[in-house]
Amino acid sequence: MTLVYNFLIGFLGSFLGVLPPGLINMYAAKISMKEGRKRAFLFALGVCITVMTQTYIALILARYIEQHPEVVSMLQKVALGIFISLTVYFFFIAKDTRREIRDREHNSKRNRFFLGIFIAMLNLLPLPYWMYLSITFSAFELFSFSQLEIWMAVIGSGIGTYSSLALYVQFFRPKEHSKKLSLNMNYVIGLVTAAISIITLFKILREI
């Protein structure tokens, strides 16, 4: 039964995590409109490869943390630094997601696949996201860190990510003026990382 739980958590966690509009989703929708759905699906496949790799690394780290609770205090300080850095990046450095994605020459199928891998690599949020999610569900005995169960969660995360992106590829058709009305998703992500930073800081200060 834990295999089913791990798969469902992996699938739903990724599906819901990728579903809100963001840079990756907009890329997939834009490629679908400009170059066709086949290349957009190749882009989505590249994204899934990276997401699955990030999920696996996060779950291995989460398993280590669960087995060595003494490192939690140190990791909280590291996490605080990471989330503060992400907050600064998304507020002041990251490219505005409302800007139109420029078309590039030589947009081969292989380029779109590797573009998906590269774009997904820029997003580091799956690492802390899956560490937090897996440890939380593990506390309720709904998630297992054995090797086979971890792989089931990784496969679920890949399928969930692909399914979410497929919805954008198939159905999302933004209007020409939508980019003027849409919200810069980097600010939304920045607010989330800022909130997490504040919560983590309070935890660290309370333990001093």
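These notes cover the structure that comes with them. (Residues numbered from 1 in each chain as written. Predicted model: local features only at pLDDT ≥ 70, side-chain atom pairs only at ≥ 80, totals over all residues. Heavy atoms only, no water.)

**Remarks on the overall build of the chain**
Okay, step 1: The secondary structure content of the chain amounts to 9 helices and 0 strands.
Okay, step 2: Secondary structure elements of the chain occur, N-terminal to C-terminal, as α-α-α-α-α-α-α-α-α.
Okay, step 3: A total of 208 residues make up the chain; the buried ones form 38% of that total.
Okay, step 4: For the chain, long-range pairs separated by at least 24 residues make up 90% of all intrachain contacts whose partners lie at least 6 apart in sequence.
Okay, step 5: Of the roughly 12400 Å² that the chain leaves accessible, carbon and sulfur atoms contribute 69%. (Helix = DSSP H or I, 4+ residues; strand = E, 2+ residues; numbered from the N terminus. Buried < 20%, exposed > 50% of the residue type's maximum accessible area, 1.4 Å probe, protein only. Contact = heavy atoms within 4.5 Å. Areas by Shrake-Rupley, 256 points an atom, 1.4 Å probe, with all protein chains shown as cover.)

**Here's the deal with the pattern of salt bridges**
Note that side chains of opposite charge can pair when their charged atoms are close.
Okay, step 1: Under the definition given, this model contains 2 salt bridges.
Okay, step 2: The closest approach of N and O atoms between Glu35 and Arg39, which form a salt bridge, is 3.7 Å.
Okay, step 3: Put simply, Glu35 and Arg112 hold a salt bridge, and the shortest N to O gap is 2.5 Å. Placement of Glu35 in helix H2 (residues 23-35) and of Arg112 in helix H5 (residues 109-121) is noted, with a sequence separation of 77 residues between them.
Okay, step 4: By relative accessible area, which is 23% here, Glu35 ends up partly exposed. (Salt bridge = Lys/Arg side-chain N within 4 Å of Asp/Glu carboxyl O.)

**A closer look at the side chain of Gln54**
Okay, step 1: Of note, Gln54 is situated in helix H3 (residues 37-67).
Okay, step 2: When neighbours within four sequence positions are excluded, Gln54 is seen to be in contact with Ala120, Met121, Asn123, Pro126 and Leu127.

**So, unusual backbone geometry**
Okay, step 1: You will see that Glu141, though not glycine, has its phi angle at about 60°, which is positive.
Okay, step 2: Tracing the backbone through its elements, the reader meets Glu141 in the loop between helix H6 (126-139) and helix H7 (147-171).

**Considerations on the nonpolar core**
Okay, step 1: One finds Ile24, Phe43, Val47, Leu115, Ile119 and Leu165 to be the most contacted residues of the largest nonpolar core, which totals 15 residues.
Okay, step 2: The element that contributes the greatest number of residues to this core is H3, accounting for 5 residues.
Okay, step 3: Excluding residues within four positions of it along the chain, Val47 makes contact with Ile24, Gly116, Ile117, Ala120, Thr161 and Leu165.
Okay, step 4: Counting 13 residues, the second-largest nonpolar core is a separate cluster that includes Ile65, Met131, Phe143 and Phe145. (Core = buried A, V, L, I, M, F, W, Y, C linked by side-chain atoms within 4.5 Å.)

**Quick look at the packing of H3 against H6**
Helix-helix packing is described using two parameters, namely the angle between the two axes and the distance between the axes.
Okay, step 1: Where H3 meets H6, the closest approach of the two axes is 8 Å, and the angle between their N-to-C directions is 50°. In terms of axis orientation, H3 runs oblique to H6. In terms of crossing hand, the pair formed by H3 and H6 is right-handed. Within the contact between the two elements, H3 uses Gln54, Thr55, Ile57, Ala58, Leu59, Leu61, Ala62, Ile65 and Glu66 and H6 uses Pro126, Leu127, Trp130, Met131, Ser134, Ile135 and Ser138.
Okay, step 2: Here the residues of the contact of H3 with H6 are counted per class, giving 11 nonpolar, 4 polar and 1 charged. (Axes fitted to C-alpha atoms, helices over the stretch in contact; angles between N-to-C directions. Parallel < 35°, antiparallel > 145°, perpendicular 65-115°, else oblique. Left-handed = near helix turned anticlockwise from the far one by under 90°. Nonpolar A, V, L, I, M, F, W, Y, C, P; charged D, E, K, R; others polar.)

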